[in-house]
Amino acid sequence: MDEKKLWSDDDIREFKEICRPVVQWLQTKRDNCETVIITVDYCKVVVDGIGVPFDLPEDY
């Protein structure tokens, strides 16, 4: 597979549609401190207790 194009446009569209219900659930039923992690055999909601973003230095 071409490294420059690992995902086809159809793959991206399908992935977006699969994820849409989970994103809508997070947006309407949960708060902004939660993340969903999905693997091949498990799905979990992770809640951040504390976190702060940092800007990367310009020479990073």
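That block above? That's the structure.
Residues numbered from 1 in each chain as written. Predicted model: local features only at pLDDT ≥ 70, side-chain atom pairs only at ≥ 80, totals over all residues. Heavy atoms only, no water.

(A) Local environment of the overall build of the protein. When helices and strands are tallied, the protein shows 1 helix and 2 strands. Helices (α) and strands (β) of the protein occur, in sequence order from the N terminus, as α-β-β. In terms of overall size, the protein is more extended than a compact globule, its C-alpha atoms giving a radius of gyration of 16 Å where 60 residues would be expected to give roughly 10 Å. Dimensions of the protein along its principal axes, counting C-alpha atoms only, are 40 × 40 × 20 Å. Taken over 60 residues, the protein has a buried fraction of 3%. Summing over all exposed atoms, the protein offers an accessible surface of approximately 6300 Å²; the carbon and sulfur share of this is 57%. Charged side chains of the protein number 8 positive and 14 negative; the gap between the two group centres comes to 8 Å. (Helix = DSSP H or I, 4+ residues; strand = E, 2+ residues; numbered from the N terminus. Rg over C-alpha atoms; globule rule 2.2 N^0.38 Å. Buried < 20%, exposed > 50% of the residue type's maximum accessible area, 1.4 Å probe, protein only. Areas by Shrake-Rupley, 256 points an atom, 1.4 Å probe, with all protein chains shown as cover. Lys, Arg positive; Asp, Glu negative; His and termini not counted. Charge placed at Lys NZ, Arg CZ, Asp CG, Glu CD.)

(B) Focus on the side chain of Glu34. Positionally, Glu34 belongs in strand S1 (residues 34–38). A polar contact is formed between the side chain of Glu34 and the side chain of Arg30, at a distance of 2.9 Å. Leave out the neighbours within four places in its chain, and Glu34 touches Leu26, Val45, Val46 and Val47. (Polar contact = N/O pair within 3.5 Å; in protein donor to acceptor, adjacent residues only side chain to side chain. Contact = heavy atoms within 4.5 Å.)

(C) Looking closely at helix H1 (residues 9–29). Taking 1.5 Å of rise per residue, the 21 residues of H1 would be expected to cover 30 Å, and the 30 Å separating its terminal C-alpha atoms lies within 8% of that figure. Maximum bend of H1: about 40°, positioned at Arg20, with proline Pro21 one to four residues after it. (Expected span 1.5 Å × (residues − 1). Bend = angle between axes of the 7 residues up to and from the residue.)

(D) Representation of the pairing of S1. Pairing of S1 with strand S2 (residues 43–47), which is carried by 5 bridges, proceeds in the antiparallel orientation. Opposite Glu34, over in S2, you have Val47 as the bridge partner. Turn length for the S1-S2 hairpin, with the two strands adjacent in sequence and antiparallel, is 4 residues. (Pairing = 2+ DSSP bridges.)

(E) Fine view of the environment of Ile38. Here Ile38 lies in strand S1. Residue Ile38 is classed as exposed on the basis of its relative accessible area, which comes to 56%. In the structure, Ile38 is positioned 18 residues away from Leu56 in sequence and 28 Å away in space, judged by C-alpha atoms.

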